Number of protein chains: 2
Amino acid sequence: MTTGTRQTRPAQPTLELVAEAAGVSRATVSRVVNGSTKVSPEIVAVVTAAIERLNYVPNRAARSLASRQTQAVALVVPEDITRFFGDPYFAAIVQGITRRLDESQYILNLLVASSDPSHKTMRYLRSGNVDGALVVSHHTHDDFLTDIESLIPLVFGGRPSDHFGPNTYYVDVDNVAGAQVGTQHLLDIGRRRLGSITGPIDMPAGIDRFTGFQRTLEQAGLSADAVEHADFTAVSAAAAMRRLLERRSDLDGLFVASDLMATGALDVLREQGYAVPDDIAIVAFDDSPAAIGAAVPLTTISQPSAEMGFAMADMLLRLLTGDPDVPHRNIMPTRLIQRASA
Amino acid sequence: MTTGTRQTRPAQPTLELVAEAAGVSRATVSRVVNGSTKVSPEIVAVVTAAIERLNYVPNRAARSLASRQTQAVALVVPEDITRFFGDPYFAAIVQGITRRLDESQYILNLLVASSDPSHKTMRYLRSGNVDGALVVSHHTHDDFLTDIESLIPLVFGGRPSDHFGPNTYYVDVDNVAGAQVGTQHLLDIGRRRLGSITGPIDMPAGIDRFTGFQRTLEQAGLSADAVEHADFTAVSAAAAMRRLLERRSDLDGLFVASDLMATGALDVLREQGYAVPDDIAIVAFDDSPAAIGAAVPLTTISQPSAEMGFAMADMLLRLLTGDPDVPHRNIMPTRLIQRASA
DNA sequence: TTGTAAGCGTTATCAA
DNA sequence: TTGATAACGCTTACAA
C-alpha cells in the first residue's frame, strides 16, 4: 500500500450477520449478547460460537440509541489541563473512580476543560453521551451544571455551591474540622503568630478550610489577619507566601490549604532563608504524594482522596440503578499526619 | 422531593420536535443543524429560533449511527493510572493533543489502562466509539492494537513496534541521536566513567536511547557496561541507581533516559553522599517540568512533547478527512538543555 | 423459548 | 430549496 491510499476499512459484523450465521433471529442473538436467561443452552452455544467466529462486537451507538443508555459516565473537571495534571489530588480521585468503575460495565469519559466549559461540556453532557456525571473541583460560578442536574444524575466531589439544591449528591470531608485540627496542632506545638495561605475563595473547600483556620484562632483569642489567598497551585502559593512575608516577617506557623501549595510556599521560605519547621512550622492539607516528596516532608491533614473517588463512583452507580435509598452526602474522615514540617 | 424519589428526567427535544415547532421537515432541520448551505435564509432563521427556544441538542448516538461517524478520537495509554499521572511527559502530550482538538469538532476519550487492555480497550475501540485513536507509551508486547489498525486510523506517539507494518503513522524524535548528544556532553565535560539508567527495553524509546548511549561510548573507545534497566518511573530508577552504585562506585557521569527517572536517581545519590554534578554529572531526557523542579536542575535532552501531541492529533485529523498526502512519520528535533546537573 | 416488528433520533438518497 | 422515506444496528414489547 502506498502513502495516501485511502484504506478501505472492513465493516464490523452486525447482529444481523451473526443471526444469519447462527441460523437464529436477531432478537435471539441480542438476548445471548445481553446474557438473558431465557435462551436454551444449545442456542447459546451456537450463537456464542458464531460471535467468536465473526469476532462480533456490538455497536455502541445503535445499542445506546435503542436502549437509551450509554454505559458511560463522565468526570467533569472545570480546570485547565495543567492544573489537572499538576495536582496529585486529581490523580488520587481518578484512581479511586476507576477502581470502582472497573468492577462495573461503565466506562469513564474525562472532561477536563476550564475554557468555555459551559459550551462544549454542556453539549457533551446533554447529547446523551453519558448516563451520569461526577464533578470535582467545582467553583461557585460554575453554574452551567445546574441544567444538567435535571437531565442526568450528578455526584459532586466536595460540597457543591448553593446554585444546587439540598438534594444534590456529594462526597466530601469536613474541611472546617480538618483545618481546625491542623491549626490547633500549630498552637499545640507552641506557635502563636500564625498565617494562612488559603485555597480559592470561590470554592467551598477553599472557604471551609479558611473558616476552620479563623475559627481556631478566634477561640484561642489570636488574630487571624495574616492571610493570603491562592488558587491551589504551587505558583500562586509562592506568590502568596511572598506577600505574607512582606506583611509579617515574624510568623512562626503557617496553615496552607493544600500540599501542592505548601511546596510552593516552602520554595519561597527556603529562598528567603527561613528554616522549616524551626522558624516557621507548616501544616498542609491533602496528604498527597506531594506531602512526602516535599523538601521538608509535610505535616498535613489527610483526606482519603482515592476513597472519595471510589465513593463518588459508587454513589453514581447506585443512582443509575435507580436505587431509592442513596444517601445524599457521604462525609469522610480526615486526620492529622505528623511529619517534619510541624 | 424526598431522598430516593426516583426523579423523572425530562426527555431531550428531538429533531422531530424542532421540525414541528418550526413548521418544516426533519430533513430541513438536520440541514440547518449541520450548516448546509442549501437552505433559504428565512428558513434558517425560523429553525434556528426553534432550536434556541427548545434548547435542542442533537443526540450523538443517533447521529453517529446514521452518519457512521463519532466525531471522537481516543488516546490509548497502556499504563496504569499512577504512571500516567506521575510522569509530566503525559501531561505535555495530552496538552498538545487537546490544543489541536479544541480547534476541531472532535472530542477526546482517554483510555488509560494497563490491566487487561486487550479486552476492555479493544472492545471500546471496536464498538465504534471513536473514529480514530492516538497511542502513546506503546510497549512491544502490546500487539492487541494490530487488529484495530485495520478498523480505524491509528497514530502513534513514538515509533511503534514491528508488529505494525511500515505504513504505520507516528510522531517521534530521533531518540538515538538525542541520547548520543546527551552522552557526548558528558564526555565533553571530561567524564569518562559513564553509566546509564535506561527505559524499559520493551519500548522503542527505551531501546533507542540506550543505543545512543552505547554507540557514543563505543566511538569513544569506552566501555558501556555500567547499565541498569528501569521502567520510566522514579522508584524503578532509584532501585537501578542503587544497583549501579553497588557495581560501580566510581562513576563520574550518568545518562538517564527520562527526567522523572533522574529525580529518582538524584534521591539515591544524595542519600549516599554523592554530589551532583561534582562527583557524578547527570544528563537526562524529556525536559519536562520535573527537570527544572529537580533537587539539582537537570541538564537534559529536550523533546517537544506538547508539540508532538499536537502533531499526532493533527496527523490523525488529516487522516480522518481522507487526506491522501499524510506523511507516515514526523520526526521532531531534540536539543541539549544545559542546567546544573552536567 | 423463539421470532416478528416497531421503534430509538439521526443522516442521506431521492423526488418533487 | 424542500420533503418523503429508507437506512444505521440494536433493544424490546408482543406474538407465536
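- As named in an unreviewed UniProt entry, chain A is LacI family transcriptional regulator, taken from Cryobacterium lactosi.

## A look at the overall build of chain A
Part 1 of the argument: Helix and strand content of chain A: 14 helices and 12 strands.
Part 2 of the argument: On C-alpha atoms alone, chain A measures out to a radius of gyration of 26 Å, which is more than a quarter above the 20 Å that the 2.2 N^0.38 rule sets for 342 residues.
Part 3 of the argument: A buried classification covers 56% of the 342 residues belonging to chain A.
Part 4 of the argument: Excluding contacts between residues fewer than 6 apart, the proportion of contacts in chain A whose partners are at least 24 apart in sequence is 70%.
Part 5 of the argument: Looking at chain A as shown, the accessible area adds up to about 14500 Å², and 50% of this sits on carbon and sulfur atoms.
Part 6 of the argument: When the 30 positive and 39 negative side-chain charges of chain A are each reduced to one mean point, those points stand 6 Å apart.

## Notes on the relation of the copies chain B and chain A
Part 1 of the argument: With an RMSD of 0.0 Å, the operation that places chain B on chain A is a rotation of 180 degrees combined with a shift of 0.0 Å along the axis. The superposition of one copy onto the other is thereby described by a two-fold rotation axis. Using C-alpha coordinates, one finds that chain B approaches the rotation axis most closely at B:Ala61, a distance of 2.2 Å.

## Structural notes on helix α11 (residues 234-247) of chain A
All names here are of chain A.
Part 1 of the argument: Compared with an ideal rise of 1.5 Å per residue, which puts 14 residues at 20 Å, α11 spans 20 Å between its outermost C-alpha atoms and is within 8% of the ideal.
Part 2 of the argument: Residues of α11 that are buried: Ser 236, Ala 237, Ala 238, Ala 240, Met 241, Leu 244 and Leu 245.
Part 3 of the argument: At its buried positions, α11 is contacted by β6 (194-198), β7 (227-229), β8 (253-256) and α12 (259-271).

## Describing the interface of chain B and chain A
Where interface size is given, it is often the accessible area lost as the parts come together that is meant.
Part 1 of the argument: Each partner contributes residues to the interface: chain B has 52 residues there, and chain A has 52 residues.
Part 2 of the argument: Broken down residue by residue, the surface that chain B buries against chain A is led by B:Arg9, B:Phe85 and B:Arg126, which jointly contribute 16%.
Part 3 of the argument: Our count for the chain B to chain A interface comes out at two salt bridges.
Part 4 of the argument: Across the salt bridge formed by B:Asp102 and A:Lys120, the nearest N and O atoms sit 4.0 Å from each other.
Part 5 of the argument: At the surface where chain B touches chain A, the tally comes to 12 residue pairs in polar contact (both at pLDDT 80 or more).
Part 6 of the argument: Those elements giving two or more residues to the side of chain B that touches chain A turn out to be α4 (60-67), α5 (81-86), α6 (88-101), β2 (107-112) and α7 (117-126) of chain B.
Part 7 of the argument: Residues of the side of chain B that touches chain A, tallied by class, amount to 25 nonpolar, 19 polar and eight charged.

## Some remarks on the protein's contact with DNA strand C
Part 1 of the argument: What surrounds DNA strand C is a group of 28 residues, the closest being A:Thr28, A:Arg31, A:Arg68, B:Leu15 and B:Ser30.
Part 2 of the argument: Counting only atoms of DNA strand C within 4 Å of the protein, the sugar-phosphate share comes to 60%.
Part 3 of the argument: Between DNA strand C and A:Arg31 there is a distance of 2.4 Å, counted from a base oxygen to a side-chain nitrogen or oxygen.
Part 4 of the argument: Separating a base oxygen of DNA strand C from a backbone N or O atom of A:Ala66 is a distance of 3.3 Å.
Part 5 of the argument: In the surface near DNA strand C, the residues fall into 13 nonpolar, eight polar and seven charged.

## Description of the sheet that holds β6(A)
All names here are of chain A.
Part 1 of the argument: What the six strands build is an open sheet, ordered β7-β6-β8-β9-β10-β12; its pairing is mixed. Because the sheet does not close on itself, it has two edges, and the strands there are β7 and β12 (335-337). Ignoring strand direction, the axes of neighbouring strands in this sheet form an average angle of 20 degrees.
Part 2 of the argument: As paired elements, strand β10 (residues 299-302) and β12 share three bridges and run antiparallel to each other. Among the inter-strand pairings, Thr 300 is bridged to a residue of β12, identified as Ile 337.
Part 3 of the argument: Contacts from α11 reach β6, β7 and β8, with the element oriented near 155 degrees to β7.

## Digging into the side chain of B:Glu228
Residues and elements named next belong to chain B.
Part 1 of the argument: Examined against the element boundaries, Glu 228 turns out to sit in strand β7 (residues 227-229).
Part 2 of the argument: Polar contacts involving the side chain of Glu 228 include one to the side chain of Arg 247, which spans 2.7 Å.
Part 3 of the argument: Look past the residues within four positions of Glu 228 in its chain and what remains in contact with it is Ser 196, Ile 197, Thr 198, Ala 240, Arg 243, Leu 244 and Arg 247.

## A closer look at the sheet that holds strand β10 (residues 299-302) of chain B
Residues and elements named next belong to chain B.
Part 1 of the argument: Pairing is mixed in the open sheet, where six strands are placed in the order β7-β6-β8-β9-β10-β12. Pairing within the sheet leaves two strands with one partner each, and these edge strands are β7 and β12 (335-337). Within the sheet, the average angular offset between the axes of one strand and its neighbour, ignoring direction, is 20 degrees.
Part 2 of the argument: The pairing of strand β6 (residues 194-198) with β7 spans three bridges and is classified as parallel. Bridge pairing in β7 links Ser 196 to Val 227.
Part 3 of the argument: Sitting on the sheet, helix α12 (residues 259-271) is in contact with β6, β8 (253-256), β9 (281-286) and β10, with an inclination near 155 degrees to β9.

## Here we look at the protein's contact with DNA strand D
Part 1 of the argument: Around DNA strand D, the surrounding shell holds 27 residues, and the nearest of these are A:Leu15, A:Tyr56, B:Thr28, B:Arg31 and B:Arg68.
Part 2 of the argument: Among atoms of DNA strand D positioned within 4 Å of the protein, sugar and phosphate together represent 60%.
Part 3 of the argument: Within the contact set of DNA strand D, a phosphate oxygen lies 2.4 Å away from a backbone nitrogen or oxygen of A:Leu15.
Part 4 of the argument: Side-chain polar atom of A:Ser30 to a phosphate oxygen of DNA strand D: 2.7 Å apart, as the coordinates give it.
Part 5 of the argument: Elements supplying a minimum of two residues to the surface near DNA strand D: α2 (26-33) and α4 (60-67) of chain A together with α2 (26-33) and α4 of chain B.
Part 6 of the argument: Of the residues assigned to the surface near DNA strand D, the class counts are 12 nonpolar, eight polar and seven charged.

## Thoughts on the nonpolar core
Most often, soluble globular proteins have nonpolar side chains that are buried together.
Part 1 of the argument: Formed by 68 residues in total, the largest nonpolar core has its most connected members in A:Leu75, A:Phe84, B:Leu75 and B:Phe84.
Part 2 of the argument: Apart from the residues lying within four places of it in its own chain, the contact partners of A:Leu75 are A:Val94, A:Ile97, A:Leu108, A:Asn109, A:Leu110, A:Leu111, A:Leu134 and A:Val136.
Part 3 of the argument: Listed in part, the 40 residues of the second largest apolar core include A:Ala133, A:Phe144, B:Leu145 and B:Ile152.

## Structural notes on the UniProt feature "domain: HTH lacI-type" (unreviewed entry) in chain A
Part 1 of the argument: Under the UniProt annotation, the feature "domain: HTH lacI-type" (unreviewed entry) is placed at residues 13-67 of chain A.
Part 2 of the argument: For the annotated span residues 13-67 of chain A, helix accounts for 69% and strand for 0% of the residues, and the straight-line distance between the end C-alpha atoms is 20 Å.

## Regarding the environment of A:Arg9
Part 1 of the argument: Here A:Arg9 is to be found in the segment before α1 (15-22).
Part 2 of the argument: In the structure, A:Arg9 is positioned 242 residues away from A:Leu251 in sequence and 68 Å away in space, judged by C-alpha atoms.
Part 3 of the argument: When sequence neighbours within four positions are dropped, the list of residues in contact with A:Arg9 reads B:Glu149, B:Ser150, B:Leu151, B:Ile152 and B:Pro153.

So, how was this worked out
- Think of each chain on its own: its residues are numbered from 1, step by step along the sequence as written.
- The lettering of chains begins at A and the numbering of ligands begins at 1, in the order of writing.
- Only residues with pLDDT of 70 or above have their local features reported here, since the model is predicted, and side-chain atom pairs are shown and tallied only from 80 upward, although totals for entire chains, interfaces and linings are computed over all residues.
- Based on all heavy atoms of the structure, the side-chain values leave hydrogens and waters out of the count.
- Helix numbering and strand numbering both begin at the N terminus, where a helix is a DSSP run of H or I of at least 4 residues and a strand a DSSP run of E of at least 2.
- For a compact globule the rule gives 2.2 Å times the number of residues to the power 0.38, and the radius of gyration it is set against comes from C-alpha atoms.
- The cut-offs for exposure are 20% and 50% of the maximum accessible area for each residue type, with area from a 1.4 Å probe on protein chains only; residues under the lower value are buried, those over the upper are exposed, and the others partly exposed.
- Contacts are assigned to residue pairs with any non-hydrogen atoms lying within 4.5 Å of each other.
- Here the open area of atoms and residues is found with the Shrake-Rupley method and a 1.4 Å probe, where only the protein chains shown may cover a residue.
- Only four residue types enter the charge count, namely Lys and Arg as positive and Asp and Glu as negative; His and the chain termini do not.
- Charged groups are reduced to one reference atom each: NZ for lysine, CZ for arginine, CG for aspartic acid, CD for glutamic acid.
- To line up the copies, we fit them by least squares on C-alpha atoms, keeping just the residues with pLDDT of at least 70 in both.
- One less than the residue count of a helix, multiplied by 1.5 Å, gives the span that helix is expected to have.
- In this description, buried area is defined as the sum, over both parts, of the accessible area (probe of 1.4 Å) that is lost when the two are combined.
- Put simply, a salt bridge is a Lys or Arg side-chain nitrogen that is within 4 Å of an Asp or Glu carboxyl oxygen.
- By the criterion applied in these results, polar contacts are pairs of N or O atoms within 3.5 Å in which, for protein atoms, one can donate a hydrogen and the other can accept it, and in which residues neighboring in sequence qualify only through two side-chain atoms.
- Asp, Glu, Lys and Arg are counted as charged, while Ala, Val, Leu, Ile, Met, Phe, Trp, Tyr, Cys and Pro are counted as nonpolar; the rest, among them Gly, fall into the polar class.
- One heavy atom within 4 Å of a molecule or strand makes the whole residue count as near it.
- Two strands are counted as paired when DSSP detects at least two bridges linking them.
- The convention used is that axes are lines fitted to C-alpha atoms, helices contributing only their stretch in contact, and that angles between N-to-C directions extend from 0 to 180 degrees.
- Remark: nonpolar core denotes a set of buried residues (Ala, Val, Leu, Ile, Met, Phe, Trp, Tyr, Cys) joined through side-chain atoms within 4.5 Å.
- UniProt positions are given in the numbering used here, feature names are shortened, and annotations may be inferred rather than shown by experiment.

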